[in-house]
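Read off the chains here:
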Amino acid sequence: MARVIDIHAHAFPANIAEKAAKALGEFYHFTVENEASCDALAESAKAAGVEKVIIHSTATVPRQVKDVNNFLKSCESELFIPFGSIHPNYDEIEKELDRICMLGLKGLKLHPDFQEFDADEKKAIRIYKAWEKTSLPLLIHGGDPVREYSLPQKIARIKDYCPDMVVIVAHLGGYRRLEEADKYLIGKDFYIDTSSSLWYIPKQDVVSIIRKHGADRVLFGTDYPVVKHTEELERFYNLGLTEEENEKILYSNAKRLLRLK
């Protein structure tokens, strides 16, 4: 069985997991049928033989930042590797980024469309410049069919300010913004993940994007609770990539980025 790391999954505290999953579905206009708790995420991952899951939860307003990061830390386990969260309107950005590192969280996740900030605005750049100093990766949501906060061309400008930062752009560079992603991100110095892409993009187009960008810079992600791990792995294997491409995307690229032993 292939070794698998899921770079992009979500979970929420048990008391709000149902509400959070419903809100996620309403935002993207589809029904989220899977439970969004840590236990449900673990069950999904283990059923598919997934070794590690990078777990995310977004602070949609500034007052949530510390609580979200504390929750993410509490999720840390042999299975779960948490990334932290920050909000551009948080009063003590640098202090909280330092605390994220002290907590041992292994990266940072931003979602411009949920958090309502442009990916290239001054408040965001402040975060990037502070985070670049940590040498840890940033995962950022890319693209939205209606909003323009996370347009690929805005995300591309991150490298103008932080050329050395490891940036992972979700959803093959742009959820339902693939033309812009192809123009501004694909083939450039960014990583992309496969989350929330394989179920709606024709597989020949997915393969084309992966090979144009280079399998060395592509990471497997499920976007759980949107889909279960068994389902997403079936879609991934159905792409017909080579064994070498599969191994890089499913495991070794993430292992290298996260400095796992």
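Residues numbered from 1 in each chain as written. Predicted model: local features only at pLDDT ≥ 70, side-chain atom pairs only at ≥ 80, totals over all residues. Heavy atoms only, no water.

**Student:** I'd love a proper account of the sheet that holds strand 4 (residues 84–85), names of residues and values included.
**Tutor:** Sheet strands pair by backbone hydrogen bonding; their relative direction is either parallel or antiparallel. Read across the open sheet, the 6 strands follow the order 4-5-6-7-8-9; overall the sheet is parallel. With one partner strand each, in any of the chains shown, strand 4 and strand 9 (218–219) form the two edges of the open sheet. Across 2 bridges, strand 8 (residues 191–193) lies against strand 9 in parallel orientation. If you follow Ile-192 over to strand 9, its bridge partner there is Val-218. (Pairing = 2+ DSSP bridges. Helix = DSSP H or I, 4+ residues; strand = E, 2+ residues; numbered from the N terminus.)

**Student:** Account for the pairing of strand 1 (residues 5–10), naming residues and giving values.
**Tutor:** Of all 6 residues making up strand 1, 6 are buried, and the element is well covered by its neighbours. Where strand 1 meets strand 2 (residues 52–56), 4 bridges bridge the pair, whose relative direction is parallel. Considered in strand 2, the bridge of Ala-9 is made with Ile-55. (Buried < 20%, exposed > 50% of the residue type's maximum accessible area, 1.4 Å probe, protein only.)

**Student:** Break down the pattern of salt bridges for me, with residues and values.
**Tutor:** Overall, the coordinates contain 16 salt bridges when judged by the stated rule. A salt bridge links Arg-147 to Glu-116; the nearest nitrogen and oxygen atoms lie 3.5 Å apart. Taken together, the residues span a long stretch of sequence, with Arg-147 in the loop between strand 6 (138–140) and helix 7 (152–156) and Glu-116 in the loop between helix 5 (112–115) and helix 6 (122–132) at a distance of 31 residues. Ionic contacts of the salt-bridge type, sharing partners, join the residues Asp-216, Glu-244 and Lys-248 into one network. (Salt bridge = Lys/Arg side-chain N within 4 Å of Asp/Glu carboxyl O.)

**Student:** So what about the sheet that holds strand 2? Which residues, and what values?
**Tutor:** Spatial ordering of the open sheet is given by 1-2-3, a layout of 3 strands whose pairing is parallel. Each edge of the open sheet is held by one strand with a lone partner, namely strand 1 and strand 3 (80–82). Going from strand to strand, the sheet's axes swing by 30° on average, the running direction of each strand aside. (Axes fitted to C-alpha atoms, helices over the stretch in contact; angles between N-to-C directions.)

**Student:** With reference to specific residues and values, describe helix 4 (residues 93–103).
**Tutor:** Three or more residues of helix 4 are buried, namely Ile-93, Glu-96, Leu-97, Arg-99, Ile-100 and Leu-103. For helix 4, the buried positions fall inside an angular range of 160° around the axis, keeping them on one side. Facing away from the buried side of helix 4 by over 90 degrees, the exposed positions are Lys-95 and Met-102. Close packing links the buried residues of helix 4 with helix 3 (65–75), strand 4, strand 5 (108–110) and helix 6. Looking at the residues trailing helix 4, positive phi occurs at Gly-104, about 85°. (Arc of directions from axis to C-beta. Contact = heavy atoms within 4.5 Å.)

**Student:** Tell me about the nonpolar core, residues and numbers included.
**Tutor:** Ranked by internal contacts, the top residues of the largest apolar core, which has 68 residues, are Phe-80, Ile-86, Tyr-128 and Ile-140. When residues of this core are assigned to their parent elements, the largest contribution, 6 residues, is made by helix 6. If we skip the residues at most four places from it in the chain, Ile-86 touches Val-65, Ile-93, Glu-96, Leu-97, Leu-108, Lys-109, Leu-110, Gln-115 and Ile-127. (Core = buried A, V, L, I, M, F, W, Y, C linked by side-chain atoms within 4.5 Å.)

**Student:** So what's going on with the side chain of Asn-69? Residues and values would help.
**Tutor:** With respect to the helices and strands, Asn-69 occurs in helix 3. Setting aside chain neighbours within four positions, we find Asn-69 in contact with Gly-84, Ser-85, Glu-96, Arg-99, Ile-100, Leu-103 and Leu-105.

**Student:** Explain the side chain of Lys-109 residue by residue, including any values.
**Tutor:** Topologically, Lys-109 is positioned in strand 5. Comment: no salt bridge for buried Lys-109; closest opposite-charge side chain is Asp-223, at 6.0 Å. Not counting residues within four places of it along the chain, the set of residues in contact with Lys-109 comprises His-8, His-10, His-56, Thr-58, Phe-83, Gly-84, Ser-85, Ile-86, Leu-139 and His-141. (Lys, Arg positive; Asp, Glu negative; His and termini not counted.)

**Student:** Account for the packing of helix 11 (residues 229–237) against helix 12 (residues 243–258), with residues named and values stated.
**Tutor:** One way to put it is that helix 11 packs onto helix 12 with a least axis distance of 11 Å and a crossing angle of 150°. Our classification of the angle between helix 11 and helix 12 gives roughly antiparallel. Crossing of helix 11 against helix 12: the hand is right-handed. Mapping the contact onto sequence places Leu-233, Phe-236 and Tyr-237 in helix 11 and Asn-246, Ile-249 and Leu-250 in helix 12. The residue inventory of the contact of helix 11 with helix 12, partitioned by class, reads 5 nonpolar, 1 polar and no charged. (Parallel < 35°, antiparallel > 145°, perpendicular 65-115°, else oblique. Left-handed = near helix turned anticlockwise from the far one by under 90°. Nonpolar A, V, L, I, M, F, W, Y, C, P; charged D, E, K, R; others polar.)

**Student:** Residue-level account of the pairing of strand 2, with values.
**Tutor:** Among the 5 residues that make up strand 2, 5 are buried, leaving the element largely enclosed by the rest of the structure. The alternating pattern of strand 2 places Lys-52, Ile-54 and His-56 on one face and Val-53 and Ile-55 on the opposite face, and all of these are buried. As paired strands, strand 2 and strand 3 are joined by 3 bridges and run parallel to one another. For Val-53, the partnering residue across the bridge sits in strand 3 and is Phe-80. What joins strand 2 to strand 3 is helix 3, and the crossover it makes is right-handed. (Right-handed = clockwise from strand over helix to strand, strands pointing away.)

By themselves, these observations are geometric and do not establish any function.
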